[in-house]
Amino acid sequence: MLRIRNVTMNDLPDLVIIEQLCFPIEEAATETAFIRRIQEIPDSFFVAEEEGVMVGLVNGPVIKNKFITDDVFLTIKKNPEFGGHQTVLGVAVTPHFQTRGVATALLTHLENEATSKKRESITLTCKEELIPFYENLGYRNFGVSKSEHAGVTWYNMSKSLL
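Residues numbered from 1 in each chain as written. Predicted model: local features only at pLDDT ≥ 70, side-chain atom pairs only at ≥ 80, totals over all residues. Heavy atoms only, no water.

Focus on the environment of Ile41
Next, step 1: Counting through the fold element by element, Ile41 comes out in the loop between helix H2 (31-40) and strand S2 (45-50).
Next, step 2: When neighbours within four sequence positions are excluded, Ile41 is seen to be in contact with Arg36, Gly60, Pro61, Ile76, Lys77 and Asn79. (Helix = DSSP H or I, 4+ residues; strand = E, 2+ residues; numbered from the N terminus. Contact = heavy atoms within 4.5 Å.)

Things to note about the nonpolar core
Next, step 1: Formed by 23 residues in total, the largest nonpolar core has its most connected members in Val58, Val88 and Tyr134.
Next, step 2: Broken down by secondary-structure element, the contributors of at least two residues to this core are S2, strand S3 (53-59), strand S6 (90-93), helix H3 (102-116), strand S7 (121-126), helix H4 (131-136) and strand S9 (155-160).
Next, step 3: Considering each element in turn, this core owes the most residues, six residues, to H3.
Next, step 4: With residues up to four places along the chain from it excluded, the contact list for Val88 reads Val58, Asn59, Ile68, Leu107, Leu110, Ile122, Thr123 and Leu124.
Next, step 5: Counting residues in each nonpolar core, the second largest holds 14 residues, with Val7, Val16, Met54 and Leu57 among its members. (Core = buried A, V, L, I, M, F, W, Y, C linked by side-chain atoms within 4.5 Å. Buried < 20%, exposed > 50% of the residue type's maximum accessible area, 1.4 Å probe, protein only.)

Thoughts on the sheet that holds strand S5 (residues 85-88)
To summarise the sheet geometry, strands pair through backbone hydrogen bonds and adopt either a parallel or an antiparallel arrangement.
Next, step 1: Strands sit in the order S4-S5-S7-S9-S8 across an open sheet of five strands; the sheet is mixed. The open sheet is flanked by strand S4 (62-63) and strand S8 (140-144), the only strands paired with a single partner.
Next, step 2: Judged from the six bridges that link them, S7 and S9 form a sheet pairing that is antiparallel. The partner of Thr125 across the bridge, within S9, is Asn156.
Next, step 3: Against the sheet, H3 contacts S5, S7 and S9, and its axis sits at roughly 160 degrees relative to S5. (Pairing = 2+ DSSP bridges. Axes fitted to C-alpha atoms, helices over the stretch in contact; angles between N-to-C directions.)

Quick look at H2
Structurally, the α-helix is built with 3.6 residues per turn, so residues lying three or four positions apart point the same way.
Next, step 1: Among all positions of H2, only Ala33, Phe34, Arg37 and Ile38 are buried. All buried residues of H2 project into a common sector of 135 degrees when viewed along the axis, lining one side.
Next, step 2: On the buried face of H2, the contacting elements are helix H1 (12-22), S2 and S3. (Arc of directions from axis to C-beta.)

Remarks on the sheet that holds strand S1 (residues 2-6)
Next, step 1: Spatial ordering of the open sheet is given by S1-S2-S3-S6, a layout of four strands whose pairing is antiparallel. Only two strands of the sheet have a single neighbouring strand rather than two, namely S1 and S6. When strand polarity is set aside, the average angle formed by the axes of neighbouring strands in this sheet is 25 degrees.
Next, step 2: As defined by bridge partners, S2 adjoins S3 across six bridges and the pair is classed as antiparallel. The residue of S3 that forms the bridge with Glu50 is Val53.

Considerations on empty space enclosed by the protein
Next, step 1: Counted under the stated rule, the structure contains one cavity of 30 Å³ or more.
Next, step 2: Lining the largest cavity are Asp43, Ser44, Asn79, Gln86, Leu110, Glu113, Ala114, Lys117 and Arg119.
Next, step 3: Considering every element that reaches the lining of the largest cavity, the biggest residue donor is H3, with three residues.
Next, step 4: Of the residues assigned to the lining of the largest cavity, the class counts are two nonpolar, three polar and four charged. (1 Å grid on protein atoms, 1.4 Å probe; cavity = no way out; pocket = protein on both sides within 12 Å on 5 of 7 lines; lining within 4 Å. Points joined across faces, edges and corners; volume = space filled by probe spheres on them. Nonpolar A, V, L, I, M, F, W, Y, C, P; charged D, E, K, R; others polar.)

Quick word on unusual backbone geometry
Next, step 1: Despite not being glycine, Lys118 shows a phi value in the positive range, around 55 degrees.
Next, step 2: Considering the arrangement of structural elements, one finds Lys118 in the loop between H3 and S7.
Next, step 3: Residue classification places Lys118 among the exposed positions, given a relative accessible area of 58%.
Next, step 4: One non-glycine residue with positive phi stands out, namely Ala150, at about 60 degrees.
Next, step 5: Mapped onto the secondary structure, Ala150 falls in the loop between S8 and S9.

This is the structure we're talking about:
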């Protein structure tokens, strides 16, 4: 049975492995980035486990703007108690558990937490091929992002929570 919980520093080795399995090196969060996120935003960083083994993760800080800008990847600040826009900087699921609903469960968990803290929306960027996945979860495509992260074309996706 899938269990979703807040991240802890003990999860760091597994986080790095899953991230490297799921993203090209230019796009993947580094160990240093994960350490900062665990320290600063454990309230919006969740892992999924199946029989005690980590199979996925979702994380992102709360920001003031409606869309993610590249500086969010560099500077992580503690989340405000209420309000703002919940970002998704990363959602990753080990290859053996992809297409089993783990990413959807993680995003739903993050959405429920964000709703309970009166966040205005959930915002993320994704590659073009993932737009239908997010649209099926209620996100709206706002077109090409200004992000230059990893030299990839990203699309702004947002889901209103109010």
